[in-house]
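Structural features, examined
Spelled out, the chains give:
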Amino acid sequence: MDLERYLKEKKLLVDEALKNFLKPESFLFEAMAYSAIDGGKRLRPILTIATYEILGGRDLSVIMPIACGMEMIHAYSLIHDDLPAMDNDDYRRGKLTNHKVFGEAMAILAGDGLYSLAFELFTTGNGSKSAQWRVVREMAQVTGPRGIVFGQALDIKKEKEFNPKTLRMIHKNKTAKFFAGAVRCGAIMAEADEEITEILGKVGLYLGMLFQITDDILDVIGDDKSMGKAVRKDQLQDKLTYPRVYGLDGARFRARRYADTIQMIINNLDKERFNFFTCLTEYIIKRNF
Ligand code: GRG
């Protein structure tokens, strides 16, 4: 499969739909659109769409509002993550962060607006109401105090144990559960059976762990320009990361181990049918942005 081409095509579709959902109806929507529309790899919405399609979903009008909701939640998390009270970043996706352009208070509200609009979108589109209800529940759990909020709280907490267990807990909650949720919601909207939803959710979780490890590595070896944001910040901010705990080679080894586990799961399912996940795994492990 030509993954690069697939990602490009789906990104265009997501960008188009996002523009539609975020028409500048007020100054607040302008601040929301600033961070949600341009740039970014769109991996989470693409995971949702790809899973839906692989499992037999055919109707873009069912999945696009769900996929765009994923990206809005992601954009919200980036806006808040960049705030002075959190990671205090000036650049994201190669441009000034939301609070640098709109001010801190408006950036907080732009994030809040994106988050709530996402949940509204989860209940729209042509999908079944029961599947949409499951998506709402799933993403409330993924993003909530036993998911992303918890991961971020641990990430910024100064007094914590610097050990592998805490490290895995941060990465799992802050990043991996979102990847798992994006995949699971694609499966839910395709009305797939529970067993395959569970298995692919695991694949999503491991992809997310792999993704966050590569993010940690790129903070050490990457450059500002390719990353679109300041690198070498983890050490400055005393963050708990894979290179810090295991060294660069140890981090790379663990990234490869997640990739191999994903490969094993896919091979046991149906190599051809789920080839997208194999290709995406290699794309993530080799990424430089
Ligand atoms: C409850 C969703 C939510 C947020 C509130 C601020 C916060 C709590 C969480 C921040 C979580 C966070 C920013 C985790 C880092 C995940 C990560 C590696 C982001 C970068 O993702 P990419 O590379 O970004 O996919 P692009 O720009 O390509 O979309």
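Refer to the structure above for everything that follows.
These notes cover the structure that comes with them. (Residues numbered from 1 in each chain as written. Predicted model: local features only at pLDDT ≥ 70, side-chain atom pairs only at ≥ 80, totals over all residues. Heavy atoms only, no water.)

For helix 9 (residues 164–189), spanning 26 residues, the distance from its first C-alpha to its last is 35 Å, which sits close to the expected 38 Å at 1.5 Å a residue. At A176, helix 9 is deflected by roughly 45 degrees, the largest bend along its length. Judged by how many residues are buried, helix 9 sits mostly within the fold: 19 of 26 residues are covered. E191, located one to two residues past helix 9, shows a positive phi value of around 55 degrees. (Helix = DSSP H or I, 4+ residues; strand = E, 2+ residues; numbered from the N terminus. Expected span 1.5 Å × (residues − 1). Bend = angle between axes of the 7 residues up to and from the residue. Buried < 20%, exposed > 50% of the residue type's maximum accessible area, 1.4 Å probe, protein only.)

Let us look at the environment of R252. One can find R252 in helix 13 (residues 242–269). You can call R252 partly exposed: its relative accessible area is 38%. Taking the C-alpha atoms as reference points, R252 and T214, separated by 38 residues in sequence, lie 7.9 Å from one another. Not counting residues up to four positions away in its chain, the partners in contact with R252 are I217 and I221. (Contact = heavy atoms within 4.5 Å.)

Attention now moves to the nonpolar core. L22, M139, F276, F277 and L280 are the most contacted members of the largest nonpolar core, which totals 89 residues. Here M139 is in contact with M70, I73, F119, F122, F178, G181 and C185, once residues within four sequence places are set aside. (Core = buried A, V, L, I, M, F, W, Y, C linked by side-chain atoms within 4.5 Å.)

Time to look at the side chain of T97. Residue position: T97 is located in the loop between strand 2 (95–96) and helix 5 (98–102). Given a relative accessible area of 1%, T97 falls into the buried group. When neighbours within four sequence positions are excluded, T97 is seen to be in contact with Y34, D82, D89, D90, Y91 and R92.

One way to put it is that helix 9 packs onto helix 10 (residues 194–221) with a least axis distance of 7 Å and a crossing angle of 140 degrees. One element, helix 9, and the other, helix 10, form an angle in the oblique class. In this structure, helix 9 meets helix 10 at a crossing whose hand is right-handed. Of the residues contributing to the contact of helix 9 with helix 10, the split by class is twelve nonpolar, seven polar and seven charged. (Axes fitted to C-alpha atoms, helices over the stretch in contact; angles between N-to-C directions. Parallel < 35°, antiparallel > 145°, perpendicular 65-115°, else oblique. Left-handed = near helix turned anticlockwise from the far one by under 90°. Nonpolar A, V, L, I, M, F, W, Y, C, P; charged D, E, K, R; others polar.)

Let us look at the site of the ligand. K41, R44, H74, R93 and F211 are the nearest of the 20 residues found near the ligand. One nitrogen or oxygen atom from the side chain of K41 is found 2.7 Å from an oxygen atom belonging to the ligand. Interatomic distance of 2.8 Å between a side-chain N/O atom of H74 and an oxygen atom of the ligand. Protein chains shield 93% of the accessible area of the ligand, which is 750 Å² for the free molecule. Put simply, the parts of the chain that give the shell around the ligand at least two residues each are helix 4 (60–82), helix 8 (148–156), helix 9 and helix 10. The greatest single-element share of the shell around the ligand, amounting to seven residues, is contributed by helix 4. Residues that form the shell around the ligand fall into these classes: six nonpolar, eight polar and six charged. (Near = heavy atom within 4 Å. Polar contact = N/O pair within 3.5 Å; in protein donor to acceptor, adjacent residues only side chain to side chain. Areas by Shrake-Rupley, 256 points an atom, 1.4 Å probe, with all protein chains shown as cover.)

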